[in-house]
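Survey of secondary and tertiary structure
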Amino acid sequence: MDGSPRRGACRRLLLPLLCLLLQGATAILFAIFVRYNQETDAALWHRGNHSNADNEFYFRYPSFQDVHTMVFLGFGFLMAFLQRYGFSSVGFTFLLAAFALQWSTLIQGFLHSFDGSYIYVGVESMINADFCAGAVLISFGAVLGKTGPAQLLLMALLEVALFGINEFVLLSFLGVKDAGGSMTIHTFGAYFGLVLSRVLYKPRLEKSKHRQGSIYHSDLFAMIGTIFLWIFWPSFNSAPTTLGDGQHRTALNTYYSLTASTLSTFALSALVGGDGRLDMVHIQNAALAGGVVVGTASEMMLTPFGALAAGFLAGTVSTLGYKFFTPILESKFKVQDTCGVHNLHGMPGVLGALLGVLVAALATHEAYKDGLQSVFPLVATVQRSATSQAMYQLLGLFVTLMFASVGGGFGGLLLRLPCLDAPPDSQCYEDQIYWEVPGENEDEAQGPLREEERDTQA
Amino acid sequence: MDGSPRRGACRRLLLPLLCLLLQGATAILFAIFVRYNQETDAALWHRGNHSNADNEFYFRYPSFQDVHTMVFLGFGFLMAFLQRYGFSSVGFTFLLAAFALQWSTLIQGFLHSFDGSYIYVGVESMINADFCAGAVLISFGAVLGKTGPAQLLLMALLEVALFGINEFVLLSFLGVKDAGGSMTIHTFGAYFGLVLSRVLYKPRLEKSKHRQGSIYHSDLFAMIGTIFLWIFWPSFNSAPTTLGDGQHRTALNTYYSLTASTLSTFALSALVGGDGRLDMVHIQNAALAGGVVVGTASEMMLTPFGALAAGFLAGTVSTLGYKFFTPILESKFKVQDTCGVHNLHGMPGVLGALLGVLVAALATHEAYKDGLQSVFPLVATVQRSATSQAMYQLLGLFVTLMFASVGGGFGGLLLRLPCLDAPPDSQCYEDQIYWEVPGENEDEAQGPLREEERDTQA
Amino acid sequence: MDGSPRRGACRRLLLPLLCLLLQGATAILFAIFVRYNQETDAALWHRGNHSNADNEFYFRYPSFQDVHTMVFLGFGFLMAFLQRYGFSSVGFTFLLAAFALQWSTLIQGFLHSFDGSYIYVGVESMINADFCAGAVLISFGAVLGKTGPAQLLLMALLEVALFGINEFVLLSFLGVKDAGGSMTIHTFGAYFGLVLSRVLYKPRLEKSKHRQGSIYHSDLFAMIGTIFLWIFWPSFNSAPTTLGDGQHRTALNTYYSLTASTLSTFALSALVGGDGRLDMVHIQNAALAGGVVVGTASEMMLTPFGALAAGFLAGTVSTLGYKFFTPILESKFKVQDTCGVHNLHGMPGVLGALLGVLVAALATHEAYKDGLQSVFPLVATVQRSATSQAMYQLLGLFVTLMFASVGGGFGGLLLRLPCLDAPPDSQCYEDQIYWEVPGENEDEAQGPLREEERDTQA
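The structure presented is a predicted model; accordingly, all values stated were derived computationally and were not measured.

**Here we look at the overall build of chain A**
On a plain count of helices and strands, chain A comes out with 18 helices and two strands. Computed over C-alpha atoms, the radius of gyration of chain A comes to 22 Å, within 12% of the 23 Å expected from 2.2 N^0.38 for 458 residues, which places it in the range of a compact globule. Dimensions of chain A, computed from the C-alpha atoms along their principal axes, are close to 70 × 60 × 40 Å. Taken across its 458 residues, chain A has 69% of its residues classed as buried. Look at the contacts in chain A between residues 6 or more apart in sequence, and 81% of them connect residues 24 or more apart. Of the side-chain charges in chain A, 26 are positive and 35 negative, and the distance between the mean point of each set is 9 Å.

Here you go:
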């Protein structure tokens with residue numbers, strides 16, 4: 001650390017002040033507006049004539065915990081594949097998600113449960129807040145290693161607000177179905193992050209190229225993230241769906257879709273790999289595309305075969321994206337997409353939205369019978385035809401892409417404000433700018449900068 | 001990578017084609033045969049007159065998620081103890097299990113829920129498919145590091161089918177009880193893998209000896225697997241048992257059995273260790289034997305003391321097996337058992353089957369009262385005496401050993417087919433044959449082969 | 001290993017004999033006293049006229065599994081931050097907790113469910129046993145790296161007994177509320193461990209200073225522990241609370257408190273850090289203080305704002321404690337607190353107890369209505385005023401501090417018994433004393449001692 005240049009007091013105070021300011025603001029808003037809902041409030045719950053076993057907690061909390069694990073552990077460790085950016089990947093995920101949970105409680109509360117005086121919270125709002133944090137972390141993946149924590153907090157501040165508005169427009173205004181968030185979470189998070197990354201384009205990023213890859217152990221840490229995301233994705237998609245067959249079917253479809261995206265990812269990775277070898281980047285990421293692609297359709301009567309087919313397609317598209325499209329995205333479109341969120345969340349998210357259009361269009365009273373009410377209430381009550389519902393689904397995709405692009409563009413301009421402590425092009429993917437870093441092994445446990453870095457920083 | 005010999009096109013295409021072929025075949029079979037069951041189908045579920053809270057989902061899904069975690073994360077990381085085989089351990093676990101889930105849905109479906117036209121799926125079939133994947137991964141443990149992914153997929157193809165048949169014979173034909181799979185999963189998976197490993201015997205494996213051990217960090221990664229297997233094993237054994245006291249008692253018994261196997265493992269490991277030191281191999285594996293040994297008996301009235309005693313015995317036998325029996329197995333019987341599955345799953349599985357014989361023989365109407373119907377339905381309905389049930393349990397063990405041995409032998413012959421891309425004896429326990437591998441630290445992040453390997457490969 | 005001195009037979013047999021003795025004793029006591037309760041016993045459960053869905057298992061088991069994960073994986077890996085003590089951190093956590101579960105089943109059973117003949121066990125006793133194991137592991141954190149496994153088992157033997165008595169005095173005798181254990185678990189575990197560490201003071205510990213820090217990868221392993229503790233803490237605090245709104249509200253409050261302690265930890269860590277850099281020690285630990293501080297109050301009507309405020313305060317105090325108080329604790333008070341349990345469990349635990357005093361004092365019939373019965377039964381039945389309940393809460397804190405201090409002091413004297421195989425001052429934080437340790441990378445996979453250690457040991 002001794003060799004590094006001293007940062008000015010302004011920059012040293014930036015993160016602390018921003019954290020304190022944001023925390024103070026949300027705390028005040030919580031004090032004024034946030035109240036327990038009738039399932040969590042001692043007085044309200046005991047007013048009703050119901051068994052404790054009826055409490056929403058018992059139907060949603062196990063799913064919530066799986067989602068919570070995905071957000072904090074899954075995303076955090078998935079991004080820890082970089083050789084010298086593990087502290088930041090896991091640590092900033094922690095910080096961003098913790099802030100996003102509070103802030104999206106407020107935003108989503110105002111849009112969905114505000115009764116004129118108060119916002120009411122319980123396990124459903126907890127799940128929705130975690131979903132919003134997921135979208136923020138997807139965007140984080142696009143700019144991973146090229147942004148500081150203060151920039152990221154501002155990104156979250158903006159993105160959570162836009163996420164809430166977009167979600168409100170889709171679900172409440174357009175009557176779109178999107179339980180697992182192919183549109184609201186994955187498409188939105190990916191394109192918000194990609195446009196933002198475009199605006200933050202770093203022309204001399206090749207100076208940090210030597211830190212952009214993984215090392216053996218960092219790839220194993222990333223696999224912890226992958227596996228937790230993979231195993232709990234059925235809970236992610238099913239967490240907010242209607243109780244009973246709705247949650248059950250959603251989990252089942254997601255489970256099968258993921259098995260198929262795993263097989264297609266292995267197949268394609270070996271096919272396009274040098275000398276037939278598998279690439280860890282594909283396995284860590286594209287194998288998850290099966291969860292993204294059924295985010296909209298898994299609560300519908302997709303059929304088990306439909307889930308397999310969708311997952312297979314998503315794994316294929318995603319792997320090919322990593323191999324062929326990511327380089328073009330950087331060279332032609334100047335979008336530097338660190339984690340390849342375009343391949344894991346962008347394209348599979350759009351595919352998932354289109355799959356939702358298709359399955360909605362095919363919905364018949366015959367196939368759903370009395371269950372139609374809970375999946376497509378507007379079709380069940382004859383306010384819409386299935387075709388009309390499909391068109392609204394498609395409209396939802398375009399609205400999402402519009403919100404994400406404009407929001408990401410605006411976010412990029414915001415994050416380019418000077419004094420936000422962005423890392424220089426030659427110091428990207430490097431923990432030491434923001435963290436006290438010990439050595440890689442016990443002989444250098446004091447964490448000295450290596451020769452080359454000293455030169456760079458001097 | 002540059003120094004390695006180019007593989008022929010045939011071998012390069014082997015894994016992709018096999019994955020695509022298997023995925024295509026299961027997808028077609030899914031399209032023809034697999035349908036939502038009445039708990040997951042929108043039309044079927046809403047036909048009934050029941051509350052959404054009655055859906056099987058709420059009683060099985062949390063257990064399913066724990067089992068799912070064990071299969072993908074637990075087994076995967078437990079096998080990541082090898083210093084240069086972490087990608088393959090975690091990655092091939094991922095591939096094999098993803099395929100096995102689809103394939104066993106079909107096999108088990110045809111055997112258990114086929115109504116002449118369709119197979120019906122829901123959370124119970126998901127649990128059973130995961131169980132079958134667990135057996136495949138146990139066999140994988142026996143041949144870990146000595147087989148390529150194409151071989152492993154063929155092994156899974158065969159093993160899943162035999163697993164299903166053996167399970168059907170035991171549960172449906174012989175009326176054997178084996179909720180947690182001491183026989184159907186552990187004994188079957190272990191001896192299938194061991195016989196298969198015998199047939200694949202590699203006489204010059206000592207050439208790969210330097211890669212067969214662990215390094216400090218790989219042992220910690222393996223402990224992640226161990227701990228997740230250990231904490232979720234109560235869910236594994238209880239996932240398919242009858243609701244109510246059945247699941248509750250099974251989880252409780254497993255919990256106590258595991259604490260006792262942990263204490264006996266620490267005791268024995270220090271006792272037989274060089275200079276009183278503990279051996280990570282024992283702790284990672286033998287401490288889990290308490291879960292295996294109560295796989296059959298934990299749903300019965302084993303008593304908490306019985307659980308402790310069984311766990312204690314299993315930990316003891318397993319640790320002694322690692323110390324004294326594994327070397328003999330290799331030198332005398334030519335069975336190279338990479339993970340020591342004979343010690344963790346083989347012997348404790350057989351012990352667990354015998355424990356089931358004993359506890360079944362001791363079952364009385366006095367001890368179970370009206371609960372006898374759900375644990376031993378054939379005894380409750382006086383179609384069998386308790387002694388007779390015990391004899392059937394014993395028969396189940398011999399049937400399992402027979403299926404596993406013959407199946408493993410046949411599997412071994414299948415896997416010796418040329419052009420299946422098996423690693424040479426000098427290149428076992430090595431990720432670089434099948435994976436693009438980065439370096440161990442940032443100075444060699446491009447992953448060059450070391451001098452010695454270049455020579456070997458040249 | 002070759003360079004190390006041979007240990008005497010007495011010391012080699014110490015751990016095996018102690019494990020076997022303790023396991024034998026608990027097994028005998030289990031045989032005599034422990035029986036299935038009416039929810040786990042086949043005969044008893046089927047006697048009642050209830051649905052299987054009413055079984056306590058379905059309301060508590062998912063929370064139990066989260067707690068179980070925290071105890072074995074969370075605590076174990078959180079303590080794996082030390083560069084050469086990962087095996088011991090994870091392994092001894094495993095051993096201690098496995099023993100503590102059995103032993104506390106007995107102790108807590110005798111105190112809470114003994115009917116003159118038997119102790120009855122089920123999912124609630126499993127949760128309580130895990131809670132007790134948590135307290136033991138907190139104390140382990142204070143003496144981490146400076147104690148051998150035999151010492152630790154004796155510590156657990158004593159601490160579990162005292163934990164049970166203290167808990168009984170608070171909950172049953174004083175009528176104190178402490179669902180998440182701010183007092184019974186965190187305050188008790190921390191001060192027991194700190195006083196014990198004081199008695200075991202090692203004057204020449206600076207000889208092991210070079211092993212006391214982390215390395216890059218060990219910090220990432222520790223973050224696995226942190227994240228699992230963080231995400232599952234809502235389950236920890238809510239696991240034993242009353243069903244319905246009680247569990248729901250407790251989980252919600254804990255969730256918000258943790259988000260606030262995370263933000264304040266990041267703010268304070270950067271503020272007091274060298275050159276504005278974040279410190280992994282703070283992030284790994286202080287961010288969790290929000291879970292500790294609402295251990296008592298989260299089941300009460302704390303309000304979401306109250307949860308945020310409490311979490312914010314706890315994160316702040318804890319981070320400042322790590323920065324400024326830990327060095328003083330060692331230099332002035334001769335308390336060597338390896339993991340800083342005073343900062344994570346001690347001070348936040350005391351704050352949590354005081355928060356419980358405050359929120360109890362503010363309890364009104366107006367705020368709780370019919371729910372008052374389940375949160376403050378003695379106030380609801382007019383046996384106590386809210387102010388009186390608050391005074392009892394405060395008394396509970398003092399009783400806990402007294403039990404912890406006296407117990408820790410006595411424990412320290414016990415652990416100073418010769419022949420308990422304590423590590424010498426120059427060999428602290430070192431796995432090789434108790435474990436067969438492979439090398440750090442593949443070139444030294446045989447694990448030779450480094451030059452300096454050979455000298456030290458010779």
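Still to come is the rest of the account.
**Some points on the nonpolar core**
Within the largest apolar cluster, 477 residues are counted, with the highest numbers of intra-cluster contacts made by Tyr368(A), Trp435(A), Tyr368(B), Trp435(B), Tyr368(C) and Trp435(C). Beyond its immediate sequence surroundings of up to four residues, Trp435(C) is in contact with Phe266(B), Arg277(B), Leu278(B), Met280(B), Ile283(B), Phe87(C), Ser88(C), Gly91(C) and Phe92(C).

**As for the packing of helix H7 (residues 182-199) of chain B against helix H17 (residues 386-415) of chain B**
All names here are of chain B. Between H7 and H17, the shortest axis-to-axis distance is 7 Å and the interhelical angle comes to 35 degrees. When the axes of H7 and H17 are compared, the crossing they make is right-handed. Looking at the contact of H7 with H17 residue by residue, the class counts come to 13 nonpolar, 10 polar and no charged.

**Points about the relation of the copies chain C and chain B**
Of the two same-sequence chains, chain C is brought onto chain B (RMSD 0.0 Å, axial shift 0.0 Å) by a rotation of 120 degrees. Given the turn and translation reported, the copies of this chain are related as if by a three-fold rotation axis. Residue Pro62(C), judged by its C-alpha, is the member of chain C lying nearest the rotation axis, at 3.8 Å.

**Details of the state of the cysteines**
Counting across every chain of the model gives zero disulfides over all chains. Free of any disulfide, Cys428(B) has its nearest cysteine sulfur in Cys339(B), 13 Å distant.

**Structural notes on the environment of Ile165(A)**
Residue and element names in this part refer to chain A. Following the sequence through the fold, Ile 165 ends up in helix H6 (residues 149-173). Taking the C-alpha atoms as reference points, Ile 165 and Gly 290, 125 residues apart in sequence, are found 27 Å from one another. Those residues within four positions of Ile 165 in sequence are excluded, and the remaining contacts are Leu 111 and Phe 403.

**Section: the relation of the copies chain A and chain C**
Once chain A has been moved 0.0 Å along the axis and rotated by 120 degrees, it coincides with chain C to within an RMSD of 0.0 Å. Both copies present different contact surfaces, since only 11% of the interface residues of chain A are interface residues in chain C too.

**Describing empty space enclosed by the protein**
Per the stated rule, a full pass over the model turns up six cavities of 30 Å³ or more. Around the largest cavity, the lining is made up of 15 residues, and of these Pro62(A), Asp66(A), Asp66(B), Pro62(C) and Asp66(C) lie nearest the centre. Counting residues per element, the ones that place at least two in the lining of the largest cavity are helix H3 (57-78) of chain A, helix H3 (57-78) of chain B together with helix H3 (57-78) of chain C.

**Focus on the packing of aromatic side chains**
Two measures describe an aromatic ring pair: the distance that separates the ring centres and the angle between the ring planes. Enumeration over the complete set of coordinates arrives at 87 aromatic pairs over all chains. Between Phe57(C) and Tyr61(C), the ring centres sit 4.5 Å apart and the planes meet at 20 degrees, which makes this aromatic pair stacked. Highlighted residues: Phe57(C) and Tyr61(C), both in helix H3, separated by four residues, approximately one helical turn. Here Phe57(C) and Tyr61(C) have matching classes, each one buried. Clustering of aromatic rings is evident, with ring pairs tying together Phe72(A), Phe87(A), Phe92(A), Phe94(A), Tyr434(A), Trp435(A), Tyr216(C), Trp230(C) and Phe266(C). A cation over a ring is seen here: Arg198(A) above Tyr201(A), with NZ or CZ 5.9 Å from the ring centre.

**Some details on a nonpolar patch on the surface**
Judged by side-chain polarity, Leu13(A), Leu17(A), Leu20(A) and Leu271(C) come together as a nonpolar surface patch covering roughly 310 Å² of accessible area. Tracing the sequence through the fold places Leu17(A) in helix H1 (residues 9-33).

**Considering the interface of chain A and chain C**
Where the parts come together, the accessible area they lose is often given as the size of the interface. Of the residues lining the interface, 83 residues belong to chain A; the matching set on chain C comes to 69 residues. Of the roughly 6600 Å² buried at the junction of chain A and chain C (both faces included), carbon and sulfur atoms supply 70%. In this structure, the connection of chain A to chain C is made through zero salt bridges. Counting across the chain A and chain C interface gives 23 residue pairs in polar contact (both at pLDDT 80 or more). When its residues are assigned to classes, the side of chain A that touches chain C shows 47 nonpolar, 21 polar and 15 charged.

**Describing the interface of chain C and chain B**
Contact with chain C, which involves 83 residues of that partner, is made by 68 residues of chain B. Roughly 6600 Å² of surface becomes buried between chain C and chain B when both sides are summed, with 70% attributable to carbon and sulfur atoms. In this assembly, chain C and chain B are joined by zero salt bridges. Applying the counting rule to chain C against chain B returns 23 residue pairs in polar contact (both at pLDDT 80 or more). Of all the elements in the fold, those that place two or more residues in the side of chain C that touches chain B are helix H1 (9-33), strand S1 (34-36), helix H2 (42-47), H3, helix H4 (86-112), helix H5 (123-143) and helix H8 (216-238) of chain C.

**Concerning the environment of Val136(C)**
All names here are of chain C. Within the fold, Val 136 resides in helix H5. For Val 136, a relative accessible area of 1% puts it in the buried group. The spatial distance from the C-alpha of Val 136 to the C-alpha of Val 160 is 7.2 Å, given a sequence separation of 24 residues.

**Observations regarding helix H5 (residues 123-143) of chain A**
With 21 residues, H5(A) should cover 30 Å at 1.5 Å per step; its first-to-last C-alpha distance of 31 Å lies within 8% of that length. One or two positions beyond H5(A), positive phi appears at Gly145(A), with a value near 90 degrees.

**Description of helix H8 (residues 216-238) of chain A**
All names here are of chain A. Relative to the 33 Å expected for 23 residues at 1.5 Å per residue, H8 spans 34 Å between its end C-alpha atoms, a close match to the ideal helical length. Of all the bends in H8, the greatest, near 50 degrees, is centred on Phe 232, and the proline Pro 234 appears no more than four residues after it. Among the 23 residues in H8, 23 count as buried, and that is most of the element.

**Brief notes about the confidence of the model for chain A**
Residue and element names in this part refer to chain A. Summary statistics for chain A give a mean pLDDT of 92 and a share of 94% for residues scoring 70 or more. Mean pLDDT values over the elements of chain A span from 40, in helix H18 (residues 451-457), up to 98, in helix H7 (residues 182-199). Taken together, the stretch residues 1-5 has pLDDT below 50 and engages in 13 contacts with residues farther than four places along the chain or on a different chain. Here residues 444-458 is a poorly scored stretch, pLDDT under 50, and it has 35 contacts once near neighbours within four places are set aside; other chains count.

**What to know about the pattern of salt bridges**
Side-chain pairs of opposite charge can arise whenever the charged atoms involved come near each other. If you walk through the whole model with that rule in mind, you get 18 salt bridges over all chains. Glu56(B) is the partner of Arg60(B) in a salt bridge, and the nearest nitrogen-oxygen pair spans 2.9 Å. What you see here is one network of salt bridges that share partners, running through Arg84(A), Arg211(A) and Glu430(A).

**Some details on the environment of Thr93(C)**
All names here are of chain C. Here Thr 93 lies in helix H4. A residue is classified by how much of its surface remains accessible, and Thr 93, at 0% relative accessible area, is buried. In sequence terms Thr 93 and Val 71 are 22 residues apart; their C-alpha atoms lie 8.3 Å from each other. With sequence-adjacent residues up to four places away left out, Thr 93 is seen in contact with Val 71, Phe 72, Phe 75, Gly 76, Met 79, Ser 88, Leu 137 and Phe 140.

The rules we used
Residues numbered from 1 in each chain as written. Chains lettered and ligands numbered in written order. Predicted model: local features only at pLDDT ≥ 70, side-chain atom pairs only at ≥ 80, totals over all residues. Heavy atoms only, no water. Helix = DSSP H or I, 4+ residues; strand = E, 2+ residues; numbered from the N terminus. Rg over C-alpha atoms; globule rule 2.2 N^0.38 Å. Buried < 20%, exposed > 50% of the residue type's maximum accessible area, 1.4 Å probe, protein only. Contact = heavy atoms within 4.5 Å. Lys, Arg positive; Asp, Glu negative; His and termini not counted. Charge placed at Lys NZ, Arg CZ, Asp CG, Glu CD. Core = buried A, V, L, I, M, F, W, Y, C linked by side-chain atoms within 4.5 Å. Axes fitted to C-alpha atoms, helices over the stretch in contact; angles between N-to-C directions. Left-handed = near helix turned anticlockwise from the far one by under 90°. Nonpolar A, V, L, I, M, F, W, Y, C, P; charged D, E, K, R; others polar. Least-squares fit on C-alpha atoms with pLDDT ≥ 70 in both. Disulfide = S-S within 2.5 Å. 1 Å grid on protein atoms, 1.4 Å probe; cavity = no way out; pocket = protein on both sides within 12 Å on 5 of 7 lines; lining within 4 Å. Points joined across faces, edges and corners; volume = space filled by probe spheres on them. Phe/Tyr/Trp six-rings, centres within 6.5 Å; stacked < 30°, edge-to-face > 60°. Lys NZ or Arg CZ within 6 Å of the ring centre and 35° of its normal. Patch = residues over 30% accessible without salt bridge, like charges linked within 9 Å, V, L, I, M, F, W, Y side chains within 5 Å. Areas by Shrake-Rupley, 256 points an atom, 1.4 Å probe, with all protein chains shown as cover. Salt bridge = Lys/Arg side-chain N within 4 Å of Asp/Glu carboxyl O. Buried area = accessible area lost by both parts, 1.4 Å probe. Polar contact = N/O pair within 3.5 Å; in protein donor to acceptor, adjacent residues only side chain to side chain. Expected span 1.5 Å × (residues − 1). Bend = angle between axes of the 7 residues up to and from the residue. pLDDT = per-residue confidence, 0-100.

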